[in-house]
Amino acid sequence: MSITSLNSNLLAPHTPTSREELWRFTPLAKLRGLHDLDVKLTSRVSLGNSKTVAGVVISIVDAKDAPIDSKTEDLVSLRVREMASKVLRIEVAANAEISEPIFLARTVESLDPEVSRTEILMGANSRATIVVENVGSITLAEEIEMVLDTGSQLNFVSLQEWESDAVHLGHHHAVIGKDATFNSTVITLGGSLVRLLPTVEYSGAGASAELSGIYFATSGQHLEHRIHVDHNIGYAKSRVNYKGALSGDKARTVWFGDVYIRANAEGTDTYEVNRNLLLSDGARADSVPNLEIETGEIVGAGHASTTGRFDDEQLFYLQSRGIPANIARQLVIRGFFLEIVSKLGLPEIEERIMARIENELEKASA
Amino acid sequence: MSTLEIKNLQVAVSTDEGMKQILRGVDLTIKSGETHAIMGPNGSGKSTLAYSIAGHPKYTITGGSVLLDGVDVLEMRVDERAKAGLFLAMQYPVEVPGVSVSNFLRTAATAIRGEAPKVRTWVGEVKEAMASLNMDPAFAERNVNEGFSGGEKKRHEILQMELLKPKIAILDETDSGLDVDALRIVSEGVNRVKQTQDIGIMLITHYTRILRYIKPDYVHVFAAGRIVEEGGAELADKLEEKGYAEYVTA
Ligand SMILES: Nc1ncnc2c1ncn2[C@@H]1O[C@H](COP(=O)(O)OP(=O)(O)OP(=O)(O)O)[C@@H](O)[C@H]1O
Ligand SMILES: [Mg+2]
């Protein structure tokens, strides 16, 4: 069962093969050994901030001083934990309200496989927006662990605007405390192979997670997102909304949404949805929402998944008003993604992302 | 001065059982300044006629021609038809999630006029047109037709007609789903366009009610895929009284 297999104690470290459920969609040969126990991975703190922000302490600590809280893991996360010697730590002080977004930029050096670990600690009742900007060429396995103390709110944004040769395996794990709110937005546009695991678990009632994402795969790209929400305690909420588009030959996306409501998780409220838009032949989107429910005492649980082509009626309507087909398509795609991107409240990033999508659309239809 | 000439138009749709002929030779000429009402039973092919002229991909033209000022419309792409001056107010306007009305209107006006309308005058133009159709300005920020009530969708269609200034407009049951006040407001909108723009109108309707506001010059009875009778406004009253029995059994 794919859901329970992401939980700990089930995995002995080994090199995954494509016969394994969790890896069967991933083109392992493209990973440059990130997954291979025989390949040495360099440890490098590749994320960093350019500006200091009052109320936020950013430091680099020894891995042994940064124990892992996550009960969710996968084979590559295990390697990251084992190999990473240093950890980038971001601490937001209790009660601090950081209005300005904290930007963490990735530095890149080479295509040699490397690991990176980051830890984000949100003090009680603190608020912050943290934006990870991934650009350049890299072969990266990383883990970002986020721990939200009581009443805190973290808006976490991970932008994958990689060059076309980048390989990125990532695990973003949040442990959400009592009455804390975790908003995650994952935007994956670049990279040759990107496989991300946004996962959450809860440590207090009233905790809430909103996991959103968009991805746009063009020819030859493999973009994989595996969401895992562990309703391990009662009275927590989760919303998952991912939207993807694919254009071009061998454009490939994989989306899994595993939501696990344990027997003790009474009062759970969850809904997940994934929508995919196929813009050309030869592209393939897999979409697997997966809800495992062990108690009936819940507020609600639902899921939806659609994979379809452009709605011809929408295109006809726009064209019947004089709008040429390519602009009509742009309008619809922009609208499709804008639902999620506009919620970021970061207009510059919104513009940049939409411009890149439009640019890729044009290239794909040229 | 424009003329839309529909000559012996034959149209089929593909169904699971193969091609099904819907239009069986429609002849109709509409000139600027004229209003032609089309009335006919459900399923007789009125919307098929409207959509075929607009270029909906679902319909296959199996014969005949449609000319706008002598130019073959059926050879044009859908957007080219709109640019040439055709407009279809749809019976069931389509929801376009994620695209705001204001963005949509501006993009359409830019396409049809060949240049982006000047921001300052455009905003005023839209506001004024919305106000005269009793549309809340908040609609501009909503997504195209998304969650609009039936009547709101119809007003939005007429709003587009006012702004895009077509030569020939086809209104497919624009009156259906309108309350009494909305019917008057929408009719006034159509009449305003008739007065200020030299427009020809094909008005598809089931009810004489709208014809009290928008006076037709001609009434055509449509049955089984063709026009079976033509007359003046008095023909509509006869239809209201007697129905279509004499046309469909023929
Ligand atoms: N895909 C299809 N398969 C079978 N029949 C179809 C298909 N599409 C349209 N039709 C038929 O074509 C005929 C004409 O439809 P159309 O919508 O043009 O009628 P109408 O005159 O506008 O009717 P109404 O007054 O109800 O709006 C109808 O009988 C309809 O069922
Ligand atoms: Mg109809």
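Residues numbered from 1 in each chain as written. Chains lettered and ligands numbered in written order. Predicted model: local features only at pLDDT ≥ 70, side-chain atom pairs only at ≥ 80, totals over all residues. Heavy atoms only, no water.

Caption draft 1: Just the overall build of chain A, in detail. Scanning chain A for helices and strands turns up five helices and 19 strands. In terms of overall size, chain A behaves like a compact globule, its C-alpha atoms giving a radius of gyration of 20 Å where 366 residues would be expected to give roughly 21 Å. In terms of overall dimensions, chain A has a C-alpha envelope of 60 × 50 × 45 Å along the principal axes. Here chain A, with 366 residues, has 60% of them falling under the buried criterion. (Helix = DSSP H or I, 4+ residues; strand = E, 2+ residues; numbered from the N terminus. Rg over C-alpha atoms; globule rule 2.2 N^0.38 Å. Buried < 20%, exposed > 50% of the residue type's maximum accessible area, 1.4 Å probe, protein only.)

Caption draft 2: View of the sheet that holds strand β6 (residues 86-89) of chain B. Residues and elements named next belong to chain B. Judged by pairing direction, the sheet is mixed, and its six strands sit side by side in the order β6-β9-β10-β3-β11-β12 without closing on themselves. Across the chains shown, the open sheet's two edge strands, defined by having one partner strand only, are β6 and β12 (226-231). Looking at each pair of strands side by side, their axes are set apart by 20° on average, direction ignored. As paired strands, strand β11 (residues 218-223) and β12 are joined by five bridges and run antiparallel to one another. Residue pairing for β12: F222 is matched across the bridge by I227. Sheet contacts for helix α5 (residues 150-164): β6 and β9 (168-172); angle to β6, the most-contacted strand, approximately 165°. (Pairing = 2+ DSSP bridges. Axes fitted to C-alpha atoms, helices over the stretch in contact; angles between N-to-C directions. Contact = heavy atoms within 4.5 Å.)

Caption draft 3: Up close: unusual backbone geometry. A positive phi is found at N125(A), a non-glycine position, where the angle reads about 60°. With respect to the helices and strands, N125(A) occurs in the loop between β6 (114-122) and β7 (127-136). Accessibility expressed as a relative area gives 41% for N125(A), which makes it partly exposed. Even without glycine at this site, K165(B) takes up a positive phi of about 50°. Of note, K165(B) is situated in the loop between α5 and β9.

Caption draft 4: View of the site of ligand 1. All names here are of chain B. Not every one of the 17 residues close to ligand 1 is listed here, only the nearest: G43, K46, S47, T48 and H206. Separating an oxygen atom of ligand 1 from a side-chain N or O atom of Q91 is a distance of 3.1 Å. In the environment of ligand 1, an oxygen atom lies 3.2 Å from a nitrogen or oxygen atom belonging to the side chain of E173. For ligand 1, the protein covers 69% of the area, taking 650 Å² as the surface of the free molecule. Those elements that provide at least two residues to the shell around ligand 1 are β1 (3-15), β2 (18-31) and α1 (46-54). For the shell around ligand 1, the residue count by class is three nonpolar, ten polar and four charged. (Near = heavy atom within 4 Å. Polar contact = N/O pair within 3.5 Å; in protein donor to acceptor, adjacent residues only side chain to side chain. Areas by Shrake-Rupley, 256 points an atom, 1.4 Å probe, with all protein chains shown as cover. Nonpolar A, V, L, I, M, F, W, Y, C, P; charged D, E, K, R; others polar.)

Caption draft 5: Structural context of helix α2 (residues 75-83) of chain A. All names here are of chain A. Judged by how many residues are buried, α2 sits mostly within the fold: seven of nine residues are covered. L75, V76, S77, L78, R79, V80 and R81 are the residues of α2 that are buried. Close packing links the buried residues of α2 with β6, β8 (139-148) and β10 (167-176).

Caption draft 6: Geometry of the coordination of the magnesium ion (ligand 2). Residues and elements named next belong to chain B. Ligation of the magnesium ion (ligand 2) by protein atoms is provided by S47 (OG) and Q91 (OE1), these donors lying 2.0 to 2.2 Å from the ion. Of this pair, S47 sits in helix α1 while Q91 sits in the loop between β6 and β7 (96-100), and the two are 44 residues apart along the sequence. Each of the two residues, S47 as well as Q91, counts as buried. (Donors = N, O, S within 2.8 Å, 3.2 Å for Na, K, Ca; no water.)

Caption draft 7: Region of the structure containing the interface of chain A and chain B. Contacts between the two partners involve 15 residues from chain A and, on the opposite side, 32 residues from chain B. Roughly 1900 Å² of surface becomes buried between chain A and chain B when both sides are summed, with 70% attributable to carbon and sulfur atoms. Contact with chain B buries surface across chain A, with F316(A), Y317(A) and R321(A) losing the most and accounting together for 43% of the total. Note that E157(B) and R321(A) form a salt bridge whose closest N and O atoms lie 2.6 Å from each other. Seen at the junction of chain A and chain B, the total is seven residue pairs in polar contact (both at pLDDT 80 or more). Elements supplying a minimum of two residues to the side of chain A that touches chain B: α3 (312-319) and α4 (325-341) of chain A. Considering every element that reaches the side of chain A that touches chain B, the biggest residue donor is α3(A), with six residues. (Buried area = accessible area lost by both parts, 1.4 Å probe. Salt bridge = Lys/Arg side-chain N within 4 Å of Asp/Glu carboxyl O.)

Caption draft 8: Spatial organisation of the nonpolar core. Among the nonpolar cores identified, the biggest contains 112 residues, and I6(B) and M202(B) are the most heavily contacted of them. The element contributing the most residues to this core is α4(A), with eight residues. In terms of nonpolar packing, the next biggest core, distinct from the first, is built from 53 residues, L47(A), V132(A), L154(A) and V259(A) among them. (Core = buried A, V, L, I, M, F, W, Y, C linked by side-chain atoms within 4.5 Å.)

Caption draft 9: Molecular detail of the environment of S18(A). Tracing the chain through its elements places S18(A) in the loop between α1 (2-5) and β1 (42-43). Between the C-alpha atoms of S18(A) and L28(A), which are ten residues apart in sequence, the distance is 7.2 Å.

Caption draft 10: Representation of the pattern of salt bridges in the model. All names here are of chain A. The tally for this structure, following the rule as stated, stands at 38 salt bridges over all chains. Salt-bridge contacts for R352 lead to E133; the nearest nitrogen and oxygen are separated by 3.0 Å. Pair noted here: R352 is in helix α5 (residues 347-365) and E133 is in strand β7, with a separation of 219 residues, a long-range link. Residues R356 and E360 are paired through a salt bridge, measuring 3.2 Å at the closest nitrogen-oxygen approach. In this pair, R356 and E360 are both assigned in helix α5, four residues apart and thus about one turn of the helix distant. Take R356: its relative accessible area is 23%, and that puts it in the partly exposed class. Linked by salt bridges that have partners in common, D62, K64, D65 and K86 make up one network.

Caption draft 11: How the structure looks around the sheet that holds strand β5 (residues 71-72) of chain B. Residues and elements named next belong to chain B. Ordered in space as β2-β1-β4-β5, the four strands form an open sheet in which the pairing is antiparallel. Looking at strand neighbours, the two that pair on one side only are β2 and β5, the edges of this open sheet. Summarising the sheet, β1 and strand β4 (residues 59-68) pair through eight bridges and their orientation is antiparallel. In the strand pairing of β4, Q10 is matched with G63.

Caption draft 12: Main features of helix α8 (residues 233-242) of chain B. All names here are of chain B. Among the residues making up α8, those that are buried are L235, A236 and L239. Buried positions in α8, seen along its axis, are confined to an arc of 105° and lie on one side of it. Across from the buried face of α8, at angles greater than 90 degrees, the exposed residues are E234, D237, E240, E241 and K242. At the exit of α8 stands G243, carrying a positive phi of roughly 75°. (Arc of directions from axis to C-beta.)

Caption draft 13: Here's a closer look at the packing of helix α4 (residues 119-132) of chain B against α5(B). Residue and element names in this part refer to chain B. Running from amino to carboxyl end, α4 crosses α5 at an angle of 140°, the nearest separation of the two axes being 10 Å. Comparing their axes, α5 and α4 come out oblique. Handedness of the α4/α5 crossing: right-handed. From α4, W122, E125, V126, A129, M130 and S132 reach across to α5, where they touch L159, E162 and L163. Per-class residue counts for the contact of α4 with α5 are six nonpolar, one polar and two charged. (Parallel < 35°, antiparallel > 145°, perpendicular 65-115°, else oblique. Left-handed = near helix turned anticlockwise from the far one by under 90°.)

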